[in-house]
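Letter by letter, the chains look like this.
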Amino acid sequence: LGIADPGTLAQGARWVLAVPWALALAVVLRTEPDCTNFIKGITVGCLLNAIVIVAQQYGVDGLFARLGFSRFGQNIVWVGGMVRMPGIHGGPSASAAVLSLVAPATMWLYLRDRVGIAWPAAGFVAAVVGLHLTASRSPVLMLALTTLVALTFTISRRKSLMLWAIGLGIGLPLLAAVGPPGGWVRWTATGDTTVNASNRLHTNASALELSVQNPLGMGVDAAKRALFEETGYTATHNAWLQAAVVFGMPLAIAILIGLLVAISRFRYGWKSDAFWPALVAFHLSGLFLFEEHLNNPTFVILTVWLVIGATSMVPRPAAVRSLQVG
């Protein structure tokens, strides 16, 4: 199964260490104001991520590097004549994906009356700047989709209608005038988009075939070698398939069920405690379609937390009670 190779041991350790973190997270999110403080912490962390990306862009990230927050130079990526900033997580795609968590976080906080409009305003400005400098497309898509989902499920609220008005009245004109994060070239270059999509479909198909042939997983090194032999790439470009081909179909199926169960709990409404995990599960599900984000401890912990939360197929009354909206 390739469990002895260093890559598998390192990733396996992340999953093992994620369990106590996820259990602690499950306890913290049961009560107010702990839940609100935690989600505020996510927002602040996203803002820090964006600040580091901007500091890297202008070459003033020395302090962040000394503190361990910046690793510029480890994973330099060029696209369309511009450098994609790696951010805190050492790679543009990873940092952009974490930064995009500002969408479920600020939407929950604002629509549940936990913060004023300054929080989503600051969060989305920081996200747009950071996502532009990382030139990552899938986090931009999920930032928009998760926001739309949150606003749709709270459309009866005046706050939601106000955000719809701001988005349609200010956001769309700005998008038309300025362009999306990363610039129009990043989104409309037909050759780059076609090749990128073709390569991803090829690696996805090969990873799926390998996972079916090796239902208990191949380990990191063996999976990379097999993928490279088939496609010329060592990545599956899909977190679901990454889990399947590296650790086996049982883990991938558990993750799929966990996230689907969490998403299904949107039916309890925006006042329910289930609204936050549903937003996170929806957001992660979209991100996982495009990159191997289960290399990132942030997403491993959140995934384990969602899987643990899904073990109770029918939520306890306390898990779906309407929190008092202040």
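**Q** What should I look at first to understand the packing of helix H5 (residues 102-111) against helix H14 (residues 275-288) in this one?
**A** Two measures define how a pair of helices packs: the angle their axes make with one another and the distance between the axes. Contact geometry for H5 and H14: axes closest at 9 Å, N-to-C directions at 160°. In terms of axis orientation, H5 runs roughly antiparallel to H14. Regarding H5 and H14, the two cross each other, and that crossing is right-handed. Contacts between H5 and H14 involve Pro104, Ala105 and Trp108 from the first element and Phe275, Trp276, Leu279 and His283 from the second. Looking at the contact of H5 with H14 residue by residue, the class counts come to six nonpolar, one polar and no charged.

**Q** Sorry if this is basic, but what is going on with the side chain of threonine 231 here?
**A** Secondary-structure assignment places threonine 231 in helix H11 (residues 220-231). Residue classification places threonine 231 among the buried residues on the basis of a relative accessible area of 12%. A distance of 3.1 Å separates the side chain of threonine 231 from the backbone nitrogen of tyrosine 233, its partner in a polar contact. For threonine 231, the residues in contact, after removing those within four places along its chain, are His202, Thr203 and Ser206.

**Q** Teacher, can you tell me more about the pattern of salt bridges here?
**A** As a working rule, side chains carrying opposite charge can pair if their charged atoms are close by. One pass over the structure, following the stated rule, counts four salt bridges. The closest approach of N and O atoms between arginine 114 and glutamate 32, which form a salt bridge, is 3.3 Å. Residue arginine 114 is found in the loop between H5 and helix H6 (118-134), and its partner glutamate 32 is found in the loop between helix H1 (6-28) and helix H2 (34-57); the two are separated by 82 residues along the sequence.

**Q** Is there a simple way to think about the packing of H6 against helix H7 (residues 138-153) in this case?
**A** Interaxial distance between H6 and H7 falls to 10 Å at its minimum, and their mutual angle equals 160°. Taken together, the axes of H6 and H7 are roughly antiparallel relative to one another. Between H6 and H7 lies a crossing of left-handed hand. Across the interface between the two elements, Phe124, Ala127 and Leu131 of H6 pack against Pro139, Val140, Leu143 and Thr147 of H7. Of the residues assigned to the contact of H6 with H7, the class counts are six nonpolar, one polar and no charged.

**Q** Just to check I follow, could you spell out the confidence of the model for the chain for this structure?
**A** The predicted structure's coordinates, where accompanied by low pLDDT, should not be read in detail. Per-chain confidence: the chain averages 88 in pLDDT, with 89% of residues scoring 70 or above. Below pLDDT 50 for its whole length, residues 316-326 participates in 27 contacts with residues either more than four positions away or in separate chains.

**Q** Explain the nonpolar core to me, please; I cannot follow it from the model alone.
**A** The nonpolar side chains of soluble globular proteins are, as a tendency, buried together. Of all hydrophobic cores here, the largest spans 66 residues; its most connected members are Trp276, Leu284, Phe288 and Trp305. For this core, the leading source of residues is H14, giving nine residues. Here phenylalanine 288 is in contact with Asn238, Ala239, Trp240, Leu259, His293, Leu294, Phe299 and Thr303, once residues within four sequence places are set aside. Among the nonpolar cores identified, the runner-up in size contains ten residues, and Ala207, Ala226, Leu227 and Leu241 belong to it.

Quick notes on the rules
- Residues numbered from 1 in each chain as written.
- Predicted model: local features only at pLDDT ≥ 70, side-chain atom pairs only at ≥ 80, totals over all residues.
- Heavy atoms only, no water.
- Axes fitted to C-alpha atoms, helices over the stretch in contact; angles between N-to-C directions.
- Helix = DSSP H or I, 4+ residues; strand = E, 2+ residues; numbered from the N terminus.
- Parallel < 35°, antiparallel > 145°, perpendicular 65-115°, else oblique.
- Left-handed = near helix turned anticlockwise from the far one by under 90°.
- Contact = heavy atoms within 4.5 Å.
- Nonpolar A, V, L, I, M, F, W, Y, C, P; charged D, E, K, R; others polar.
- Buried < 20%, exposed > 50% of the residue type's maximum accessible area, 1.4 Å probe, protein only.
- Polar contact = N/O pair within 3.5 Å; in protein donor to acceptor, adjacent residues only side chain to side chain.
- Salt bridge = Lys/Arg side-chain N within 4 Å of Asp/Glu carboxyl O.
- pLDDT = per-residue confidence, 0-100.
- Core = buried A, V, L, I, M, F, W, Y, C linked by side-chain atoms within 4.5 Å.

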